[in-house]
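The primary structure of each chain is shown beneath.
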Protein chains: 2
Amino acid sequence: MPVGGHTVTSYEQELISLRHMMNEMGGLVVRQTELAIRAIIGADPDAAAQARALDPQVDTLERDVEALAIRLLALRSPMAGDLREIVSALKVTGDLERIGDYAASIAKRTLRLGTFMTEIPSAGLRRMAQLVLENLRDAVAALSTHDSDTAMRVWRADPAIDEIYTAMFREFVTYMMEDPRQIGACTNLLFIAKNFERIGDHATNIAERVHYVVTGEVLPTERPRGTASPQA
Amino acid sequence: MPVGGHTVTSYEQELISLRHMMNEMGGLVVRQTELAIRAIIGADPDAAAQARALDPQVDTLERDVEALAIRLLALRSPMAGDLREIVSALKVTGDLERIGDYAASIAKRTLRLGTFMTEIPSAGLRRMAQLVLENLRDAVAALSTHDSDTAMRVWRADPAIDEIYTAMFREFVTYMMEDPRQIGACTNLLFIAKNFERIGDHATNIAERVHYVVTGEVLPTERPRGTASPQA
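Being a predicted model, the structure only gives us computed values, none of them experimental. What you see as residue numbers is a count from 1 along each chain, following the sequence as written. Whichever chain is written first becomes A and whichever ligand is written first becomes 1, with later ones labelled in order. Where local features are concerned, this predicted model is filtered to residues with pLDDT of at least 70; where side-chain atom pairs are given and counted, the filter is 80 or more; whole-chain, interface and lining totals use all residues. With hydrogens and water excluded, all non-hydrogen atoms of the structure serve as input to the side-chain values.

Caption draft 1: Representation of the interface of chain B and chain A within the structure. Across the contact, 45 residues belong to chain B and 45 residues belong to chain A. Definition used for salt bridges: Asp or Glu carboxyl oxygen within 4 Å of a side-chain nitrogen of Lys or Arg. Our count for the contact surface shared by chain B and chain A stands at 4 salt bridges. Lys91(B) is the salt-bridge partner of Glu62(A), the closest N and O atoms lying 3.0 Å from each other. Runs of E in the DSSP output that reach at least two residues are strands. Runs of H or I that reach at least four are helices, and both are numbered from the N terminus. For the side of chain B that touches chain A, the secondary-structure elements that each account for two or more residues are α3 (55-76), α4 (80-110), α7 (148-178) and α8 (183-215) of chain B. Among the elements that make up the side of chain B that touches chain A, the one with the highest residue count is α4(B) (11 residues). Its residues placed into classes, the side of chain B that touches chain A shows 23 nonpolar, 10 polar and 12 charged. In this analysis, two residues are considered to be in contact whenever any of their non-hydrogen atoms come within 4.5 Å of each other. Throughout this entry, Asp, Glu, Lys and Arg are counted as charged residues, while Ala, Val, Leu, Ile, Met, Phe, Trp, Tyr, Cys and Pro are counted as nonpolar. The remaining residues, Gly among them, count as polar.

Printed below as a string of C-alpha cells:
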C-alpha cells in the first residue's frame, strides 16, 4: 500500500457515509410521501401521524449532511466529480427537506377533511399523488445509483403532473360553487394538491442535480412544459 | 508584501465577488417582493410583469454563486469562517430562489383577480405583506452586514406573520361562503397569502443562516411559535 493509503481510505469512507446519509434521507421522504398518500386516500389518521413524526429525523439528517460536507471540504480537499457531488448533496438536502415538509403538511391537512374524501370522486388527486410518488421514488433511486437516464425521465415527466393539477384545481372550485358547505374541505384539498405538485417540482430539481453530478452538464433553466398552465 | 500575497489577494477578491453576488440576488428578490405587493395592493399589472421578468436573473445568479463557490472550494481551500460562509451561500441561494419564485407566483395570480381587491377590505393581507417585506429586507441586510442581532429579530418576528395568515385564511373562507361568485378570486387570494407566508419562512431560514455564519451556532430546529396554528 502506498504512503497515504490510509488517508485515501478514510476519505472514501467519509464519502460513502455521505452517500448513505443521502440515501437514508431520500428513503425517509419517500416513506413520508407514501404515508401522506395513505392518510388521504385511505382516510387513515395513523398514517398521517406517522408521516409527521418522521419530520425531525429528516431535519437532523439535513444538518448531519452539512456537517459532514464541511468536514470533507475542510480536511480532504475533494476535486472535480467528488467536489460536484458534495456541493450537490448540500443543495439536494434542501429539496429533500422541503419534500418532507410538504408530505407532513399534506398529512396534517387530511386530519381536517373528515369523511369528505370518501364522499366525492377524486380520481385526479389519486392519479396525481401516484405520479408524484413514482417520480420521487425514481429521483431518489437515480440519486443513489447515479443514473442519469432515470433522472432525465423524471425531468420529462413533470408537465403531466402539472396538467392534472390544473384540471383538479378547476374540479375543486366547481365543487365549492355547487355546495358552499364543502368550501372548507375543498380549500384543504386545493392546498394538498398544490403540495403534491410542489413535491413533484422538487423531485425534478433532484433529477437535474443527478444529471449534473453524473455528466457535469447543467440542464436548461426552462423546463419542459405541458399544454396547460400549472395554475388555474 | 510577503510571498503568496498575490494569491491571498485574489482569494479575498473572489470572496468579495461572492458577497456582491449574494447582495445582488438578495436585492433582486426584495425588489420582486415589492413589485408583487404593488401588483396586488395597487392592482398594477405592470408591476406584476416586472416582478415576473426578474425571475431569470435570480436563477442565473443562483447558478453563478454555485460556480464561484465550487471554484473557491477547489482552488482556495477556504477554512473555518470562510468555509462556513461559502457553504451557507450555497444554501441561502436556495432560499432566495424560492422567494423570487413565490413573488413571481403572487404577481401572476394578481392578474387573475380583476377588480376584486378594490371591492373587499383586505387589511390583513396588506399588513401581512408589509410585515413579510420588512422581515425579508432585514434578513437580506443582515446577510450583507453579517448582523446577528438583526437576524435574531427576523427569527423572532415570524410567528406574528403566521397568526395574521391564519386569521386571513378564515376571512377568505367566510367570503367564499357568503358569496360563491367570489370563490375563484378568493382561492387565488388564499394562495397569494400562503405565498407571502412562505416568503416569511424563507426569510427566517436566511436569518438562521446569518446567525450560524456569524456565531458558528445552529439555532434550535423548533422555531418560536404563535398562539394560533399557521393553518386554518
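Caption draft 2: Here's a closer look at the packing of α4(B) against α8(B). Residues and elements named next belong to chain B. Simply put, an axis is a line fit to the C-alpha atoms, just over the touching stretch for a helix, and the angle between two N-to-C directions goes from 0 to 180 degrees. Two elements in contact, α4 and α8, have axes whose closest approach is 9 Å; the angle formed by their N-to-C orientations is 165 degrees. Looking at the two axes, α4 sits roughly antiparallel to α8. Remark: the crossing between α4 and α8 carries left-handed chirality. Across the contact of α4 with α8, the residue classes break down as 15 nonpolar, 8 polar and 8 charged. Small angles under 35 degrees read as roughly parallel and large ones over 145 as roughly antiparallel, with 65 to 115 read as roughly perpendicular and the rest as oblique. It is the rotation of the near helix from the far one that decides the hand of a crossing: anticlockwise by less than a right angle makes it left-handed, clockwise makes it right-handed.

Caption draft 3: Spotlight on helix α2 (residues 45-53) of chain B. All names here are of chain B. Listed in full, the buried residues belonging to α2 are Ala-47, Ala-48 and Ala-51. The buried residues of α2 occupy an angular sector of 105 degrees when projected down its axis, which confines them to one face. Exposed residues pointing more than 90 degrees away from the buried face of α2 are listed as Asp-46 and Ala-53. As used in this structure description, the phrase polar contact means that two N or O atoms lie within 3.5 Å; if the pair is within protein, one of them must be able to donate a hydrogen and the other to accept it, and residues adjacent in sequence are counted only when both atoms belong to side chains. For α2, the capping residue at the N-terminal end is Asp-44, with a side-chain oxygen 3.0 Å from the backbone nitrogen of Asp-46. Each residue is placed in one exposure class: buried if its accessible area under a 1.4 Å probe, protein chains only, is under 20% of its type's maximum, exposed if it is over 50%, and partly exposed if it falls in between. Read the arc as the range of directions from the helix axis to the C-beta atoms.

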